[in-house]
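Listed below are the residues making up each chain.
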Amino acid sequence: MYLVILFETWLPKNTNYNLDIKGFKSEHLLRNKGLNVKKGLTSGGISVHYRDKFSSKITIVEKQQCGLIWLKVCKSLFSFDEDVYFCNVYIPPPNSKVLNHLQVDFFDKLEEGVETYESLGKVFINGDFNSRTSNFDDYIELKITMTLQ
């Protein structure tokens, strides 16, 4: 099976580029710049591509301009017990003018989606969360204490 998901495509809504791939179904979430951004590239953007022959088993179920594309993979494709819902995410950086322009609480939208789709199947979230840890650890350190008897 071929499923390709691209993040940070950096293409605006009015692009002349063709992101479609022969033999694949394609869905794009293209972005525009923030209101007061005059120069530079757009940020974000997501493209989802999957083989034509799987179009009855893979469907885009929701697309939100704030940076979410939900797709459903039918359980029969892999002989799973439940359908699988993938949330493909692009979150602009914290100080982004695009994020301010959308006036949407991204994590509320993400949580709403999880609540909706977890009752229908398994949920997976992947993407570009633009999480910067700076000098902080980007992992959780576990301290395990064992007692020998």
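None of these values were measured; they are calculated from a predicted model. Numbering of residues begins from 1 in every chain and follows the order in which that chain's sequence is written. Note on the predicted model: pLDDT of at least 70 is required for a residue's local features to be given, and 80 or more for side-chain atom pairs to be given and counted; whole-chain, interface and lining totals, by contrast, use all residues. To obtain the side-chain values, all non-hydrogen atoms of the structure were used and water was disregarded.

### Describing the pattern of salt bridges
- The term salt bridge refers to a pairing of a side-chain nitrogen on Lys or Arg with a carboxyl oxygen on Asp or Glu at a separation within 4 Å. Under the defined criterion, the tally for this structure stands at four salt bridges.
- Put simply, K122 and E82 hold a salt bridge, and the shortest N to O gap is 3.5 Å. Of this pair, K122 sits in strand 7 (residues 121–128) while E82 sits in the loop between strand 5 (68–73) and strand 6 (83–90); the two residues are 40 residues apart in sequence, bridging distant segments of the chain.
- Burial classification: accessible surface area is computed with a 1.4 Å probe over protein chains only, and a residue below 20% of its type maximum counts as buried, one above 50% as exposed, and the rest as partly exposed. Residue classification places E82 among the partly exposed positions, given a relative accessible area of 33%.
- With a shortest N-O distance of 3.9 Å, K109 and E112 are connected by a salt bridge. Highlighted residues: K109 and E112, both in helix 2 (residues 106–117), separated by three residues, approximately one helical turn. Going along the chain from the N terminus, every DSSP run of H or I of four or more residues is numbered as a helix, and every run of E of two or more is numbered as a strand.

### Observations concerning the nonpolar core
- Only buried Ala, Val, Leu, Ile, Met, Phe, Trp, Tyr and Cys residues count toward a nonpolar core, and they belong to the same one when joined by side-chain atoms within 4.5 Å. Counting residues in hydrophobic clusters, the biggest one holds 11 residues: L29, I46, V48, Y50, F54, I58, I69, L71, V73, V84 and Y90.
- Mapped by element, the contributors of at least two residues to this core are strand 3 (46–51), strand 5 and strand 6.
- Non-local contacts of Y50, meaning those with residues more than four positions away in its chain, are made with Y2, L3, G23, F24, K25, S55, I58, T59 and I60.
- With 10 residues, the next largest nonpolar core counts L68, W70, Y85 and C87 among its residues. Residue contacts are defined here by distance: any two heavy atoms, one from each residue, within 4.5 Å place the two residues in contact.

### Section: the confidence of the model for the protein
- Per residue, pLDDT captures the predictor's confidence, and it can take any value from 0 to 100. Per-chain confidence: the protein averages 81 in pLDDT, with 76% of residues scoring 70 or above.
- By mean pLDDT, helix 1 (residues 97–102) is the weakest element of the protein at 59, and strand 5 is the strongest at 94.

### Thoughts on the side chain of N88
- Assignment of secondary structure puts N88 in strand 6.
- At 3.5 Å, the side chain of N88 forms a polar contact with the side chain of N126.
- With near-sequence residues (within four places) excluded, N88 lies in contact with I5, F7, I46, V48, G67, L68, I69, L71 and N126. N or O atoms within 3.5 Å of each other form a polar contact, as long as, within protein, one can give a hydrogen and the other can take it, and as long as residues adjacent in sequence are counted only when both atoms are side-chain atoms.

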